[in-house]
Amino acid sequence: MQTLIACHDCDLIQRLPRMSEPGTVQCTRCGAVLHQKKRNSIERTLSLTLAGLVLFGLANSFPFLAFKLEAQVRQTTLLTGIQELYAQGMPELSLIVLLTTVLVPLAQMISMLYILLPLKLKKIPIGLPAVFRFVHKLQPWSMMEVFMVGILVSVVKLAKMAKIVPGVALFSFLALIFVLAAMSASLDSHLIWEKWENRR
Ligand SMILES: [Zn+2]
């Protein structure tokens, strides 16, 4: 049975041709991209997820920034920064930072791993639809790039007062933003649903 698909832009229902090679299918009426078949989508997304988890580990275990003021050196990590916000009487803000820069990206990567690793091993994970929908729901709550802009602004402002030394975690965090973007871009949602549909 051929899959019917509604165009995201103009709502025209049309048949999706079977694709064996990577490429795109366009809407016959408005030209919008209906489906994009990506090369080795599962393998690529899985390897980017694993790379992301390694970078996440580095970003959370090494110093983020070090401030040098005369003989004093103060190092901060992502988590001590969040604790500091809490200690300075900003519990709501510390919770938001914890959610958007630590918990949500971690939940995204773990969920992707839960889906992709079994699929790679030709198995279907239990509860795939719920987990996959959860991944999509998390997307708007991952705001690492917003946090990064905030860091850059404060670094520029503080640079006049103290010497600022970027740490391993800062570079890992920066790389993680790109890896997570690549992870989303290489994911082929149609393929995941197809696997679920043909699970028996
Ligand atoms: Zn259309």
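Reading guide: rules and limits
Residues numbered from 1 in each chain as written. Predicted model: local features only at pLDDT ≥ 70, side-chain atom pairs only at ≥ 80, totals over all residues. Heavy atoms only, no water. Salt bridge = Lys/Arg side-chain N within 4 Å of Asp/Glu carboxyl O. Helix = DSSP H or I, 4+ residues; strand = E, 2+ residues; numbered from the N terminus. Buried < 20%, exposed > 50% of the residue type's maximum accessible area, 1.4 Å probe, protein only. Axes fitted to C-alpha atoms, helices over the stretch in contact; angles between N-to-C directions. Left-handed = near helix turned anticlockwise from the far one by under 90°. Contact = heavy atoms within 4.5 Å. Nonpolar A, V, L, I, M, F, W, Y, C, P; charged D, E, K, R; others polar. Core = buried A, V, L, I, M, F, W, Y, C linked by side-chain atoms within 4.5 Å.

Participant: Tell me about the pattern of salt bridges, and please be specific about residues and values.
Facilitator: Within this structure, the stated rule accounts for two salt bridges. A salt bridge links K120 to E43; the nearest nitrogen and oxygen atoms lie 3.1 Å apart. With a gap of 77 residues between them, K120 in helix α3 (residues 91-120) and E43 in helix α1 (residues 41-61) connect regions that are remote in the sequence. Its relative accessible area of 37% is what places K120 among the partly exposed residues. Overall, E43 belongs to the partly exposed group, its relative accessible area being 35%. Between E84 and R74 there is a salt bridge whose closest N-O contact spans 3.9 Å. One end of the pair, E84, is in helix α2 (residues 78-87); the other, R74, is in strand β6 (residues 72-76), and 10 residues separate them in sequence.

Participant: Talk me through the packing of α1 against α3; I want residue IDs and the actual numbers.
Facilitator: In the contact formed by α1 and α3, the axes pass within 9 Å of each other and the chain directions differ by 145 degrees. As α1 runs across α3, the sense of the crossing is left-handed. Counting all contacts with α1, which are made through I42, E43, T45, L46, T49, L50, G52, L53, F56 and N60, the residues of α3 involved are T101, V102, L106, M109, M112, L113, L116, L117, L119 and K120. Here the contact of α1 with α3 is composed, by residue class, of 13 nonpolar, five polar and two charged.

Participant: Explain the nonpolar core to me, using residue names and the numbers behind them.
Facilitator: Counting residues in each nonpolar core, the largest one holds 35 residues, and the members touching the most others are F64, I115, F173, L176 and I192. For this core, the secondary-structure elements that each account for two or more residues are α1, α2, α3, α4 (128-138), α5 (144-158), α6 (168-186) and α7 (189-197). Examining the composition of this core, we find that eight residues originate from one element, α6, more than from any other. Setting aside its immediate chain neighbours within four residues, I115 contacts P125, L128, V131, F132, V135 and I192. Among the nonpolar cores identified, the runner-up in size contains seven residues, and I5, L16, V25 and A32 belong to it.

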